[in-house]
Amino acid sequence: MGQLAVNLFTTLDGSAEHPDRWHGPYFDTAMGKAVDAHIMRCDGYLVGRVLHDAWAAYWPQAENPFAEFINRIPKYVLSTTLESSPWENTQVLSSMAEVKALKERTPNWIGMSGSLATLRGLLTAGLVDELNLLIDPVVVSGEQKWTDGLDGQSFSIVSHETFDTGAQHLIMRPN
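Please read these numbers as outputs of a predicted model, since none were measured by experiment.

So, how was this worked out
Residues numbered from 1 in each chain as written. Predicted model: local features only at pLDDT ≥ 70, side-chain atom pairs only at ≥ 80, totals over all residues. Heavy atoms only, no water. Core = buried A, V, L, I, M, F, W, Y, C linked by side-chain atoms within 4.5 Å. Buried < 20%, exposed > 50% of the residue type's maximum accessible area, 1.4 Å probe, protein only. Helix = DSSP H or I, 4+ residues; strand = E, 2+ residues; numbered from the N terminus. Contact = heavy atoms within 4.5 Å. Pairing = 2+ DSSP bridges. UniProt positions renumbered as here; feature names shortened; annotations may be inferred.

**Student:** Got a minute to help me understand the nonpolar core in this structure?
**Tutor:** Where a protein is soluble and globular, its nonpolar side chains tend to be buried together. One finds Leu46, Leu119, Leu122, Leu133 and Trp146 to be the most contacted residues of the largest nonpolar core, which totals 25 residues. Of the residues forming this core, the biggest block, four residues, is contributed by helix α5 (residues 116-124). Ignoring sequence-local partners within four residues, the contact set of Leu133 consists of Leu8, Thr10, Trp146, Gln168, His169, Leu170 and Met172. Membership of the second largest hydrophobic core comes to 18 residues, among which are Tyr45, Trp55, Trp59 and Ala67.

Take a look at the structure:
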């Protein structure tokens, strides 16, 4: 049975809605290596509908190492409104039961990024096996937080690393 590992850029206060507004100064070579370690072990990649739409419009035309990875790997979009995707190698999943079935038929890791509502749903359903938080040393008010609505969710810290930028990399498992 496969495992689902979520990679998320966040802040000290848990903000994660618009990393494009605050994350840039903290992404360095060391963080890039942490992200690469996450994606290189993946047999597939899961996103929510909003992130799917943004990525499907951008990545097929992009030319860089992440574009090569994300365009070739099997992708899954969790959506109750999308019927199909024009993005190559993309399958639509319409329920948490379909995500569970995907995990059961995937031999290794399924990655995931962003998609806050999807992340919260997956955590609530008990389908996340690992949470890779890349925590930037900044507080951003007024954004959605990845923790919104997760009262009582507990985690065990597997590993912790501090980058030269002050950003933290926490790998955690839900209890």
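**Student:** Would you mind going over the pairing of strand β7 (residues 155-162) with me for this structure?
**Tutor:** On a regular strand, each side chain points to the face opposite its neighbour's, so the side chains alternate between the two faces of the sheet. Two elements, β7 and strand β8 (residues 168-174), share seven bridges in a ladder whose sense is antiparallel. When the sheet's bridge partners are listed, Ile157 is paired in β8 with Met172. Between β7 and β8, which follow one another and run antiparallel, lie five residues, and Gly166 among them has a positive phi close to 95 degrees.

**Student:** I keep staring at the UniProt feature "domain: Bacterial bifunctional deaminase-reductase C-terminal" (unreviewed entry) in the protein and nothing clicks. Help me out?
**Tutor:** When the UniProt feature table is mapped to this numbering, "domain: Bacterial bifunctional deaminase-reductase C-terminal" (unreviewed entry) covers residues 5-167. For residues 5-167, helix accounts for 30% and strand for 26%, while the C-alpha atoms at its two ends are 20 Å apart.

**Student:** Even after reading the chapter, I still don't get unusual backbone geometry, so can you show me in this structure?
**Tutor:** Where the residue is not glycine, phi is negative for most of them; where a peptide bond is considered, it is trans in most cases. For Asn89, which is not a glycine, the phi torsion comes out positive at approximately 65 degrees. Tracing the sequence through the fold places Asn89 in the loop between β3 (75-78) and β4 (90-93).

**Student:** In this structure, what is going on with the pairing of β3? I would like to understand it.
**Tutor:** The alternating pattern of β3 places Lys75 and Val77 and Tyr76 and Leu78 on opposite faces, both of which are buried. Of the strand pairs in this sheet, β3 and β4 are connected by four bridges, and their pairing is parallel. Directly across from Lys75, in β4, lies its bridge partner Thr90.

**Student:** Would you take a moment to explain the side chain of Ser113 for this structure?
**Tutor:** Looking at the element boundaries, Ser113 is found in strand β5 (residues 109-113). What Ser113 contacts, discounting residues up to four positions off in sequence, is Asn7, Tyr45, Leu46, Val47, Leu51 and Trp55.

**Student:** Just checking my understanding: could you explain the environment of Val99 for this structure?
**Tutor:** Relative to the helices and strands, Val99 is located in helix α4 (residues 96-105). The exposure class assigned to Val99 is buried, which follows from its relative accessible area of 1%. Val99 sits 96 residues away from Gln3 along the chain, and the two C-alpha atoms are 11 Å apart. When neighbours within four sequence positions are excluded, Val99 is seen to be in contact with Leu46, Leu78, Leu93, Leu122 and Leu127.

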